Amino acid sequence: QEETNRSGRVFYVATNGSDAWSGTLPQPSQAGTDGPFATLARARDAIRKLKGRGSLTGPVIVYVRGGTYTLSKPVVFTPEDSGTQASHSIYKAYPNEIPVLSGGRTIGGWKRVDAANDLPQAGVGAPPASEEAAVASARIEKTCRKENTS
């Protein structure tokens, strides 16, 4: 059961949301014309806008629905985003759901170059620009491993 916030505002963020929506519904409307925000940054900006207009009379709660939120850049909170004595800003998981904020990225195209030593084609960062670079990278890693074990 979702908490209510009678004297303040409630916003929602969900993986199936849209930053063009109001953020005031916990799930998309049946018509698909309104629902939760898609990002924490959009919820933060909505709170900033309310504070700027002086229209907050109570706490603001942002419920983050379950799912994985892949962040392409950090979400930055500044002193401007702090609550006041009368108007706290609270970000929390939606009841009984687990949101995951992930700053990682998927790297594909892995190939084994040395099955005996189980070395990947590229170990860090984006895949190399060429197969030669991948083999060179694996050889360097293998050499470093051998030097560190002696």
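If you're wondering where the values come from, they're calculated on a predicted model, not measured in any experiment.

Reading guide: rules and limits
Along each chain, the written sequence defines residue order, and numbers are assigned to residues from 1. It should be noted that, the model being predicted, local features are given only for residues of pLDDT at least 70 and side-chain atom pairs only at 80 or more, the latter also being counted only at that level, while totals for whole chains, interfaces and linings use all residues. Heavy atoms throughout the structure, all of them, feed into the side-chain values; hydrogens and water do not. Here a strand is any run of E in DSSP of at least two residues, a helix any run of H or I of at least four, and the numbering for each starts at the N terminus. A pair of strands is considered paired only if DSSP assigns at least 2 bridges between the two. Axis lines are fitted to C-alpha atoms, over the contacting stretch for helices. Their N-to-C directions set the angle, which ranges from 0 to 180 degrees. By definition here, a helix of n residues has an expected span of 1.5 Å times n minus one. Exposure classes here rest on a 1.4 Å probe applied to the protein chains alone. A residue is buried below 20% of its type maximum, exposed above 50%, and partly exposed in between. Within this analysis, the arc is defined by the directions that extend from the helix axis to the C-beta atoms. Residues count as neighbours in contact if any of their non-hydrogen atoms are within 4.5 Å of one another.

### With respect to the environment of Ile61
Move 1: Turning to its location among the elements, Ile61 is positioned in strand β2 (residues 60-64).
Move 2: As a C-alpha pair, Ile61 and Tyr12 span 49 residues in sequence and 8.3 Å in three-dimensional space.

### Considerations on the sheet that holds β2
Move 1: One open sheet accounts for three strands, arranged β1-β2-β4; its pairing is parallel. The outermost strands of the open sheet, each flanked by one partner alone, are β1 (9-13) and β4 (89-93). Averaged over all pairs of adjacent strands, the angle between their axes in this sheet comes to 20°, without regard to strand direction.
Move 2: Bridge count for β2 against β4 is five bridges, and the pairing is parallel.

### Here's the deal with helix α1 (residues 40-53)
Move 1: Counted at 1.5 Å a residue, the expected span for α1 with its 14 residues is 20 Å, and the 20 Å between its end C-alpha atoms agrees.
Move 2: Turning to α1, its buried residues number three or more, namely Leu40, Ala43, Arg44, Ala46, Ile47 and Leu50. The buried side chains of α1 occupy one side of the element, clustering within an arc of 160° when seen end-on. Among the exposed residues of α1, those pointing more than 90 degrees away from its buried face are Lys49, Gly52 and Arg53.

### Overview of the side chain of Ser89
Move 1: Note on placement: Ser89 falls in strand β4.
Move 2: For Ser89, a relative accessible area of 19% gives the class buried.
Move 3: Sequence-distant contacts of Ser89, defined by excluding residues within four places in its chain, comprise Ile47, Lys51, Val60, Asp81 and Gly83.

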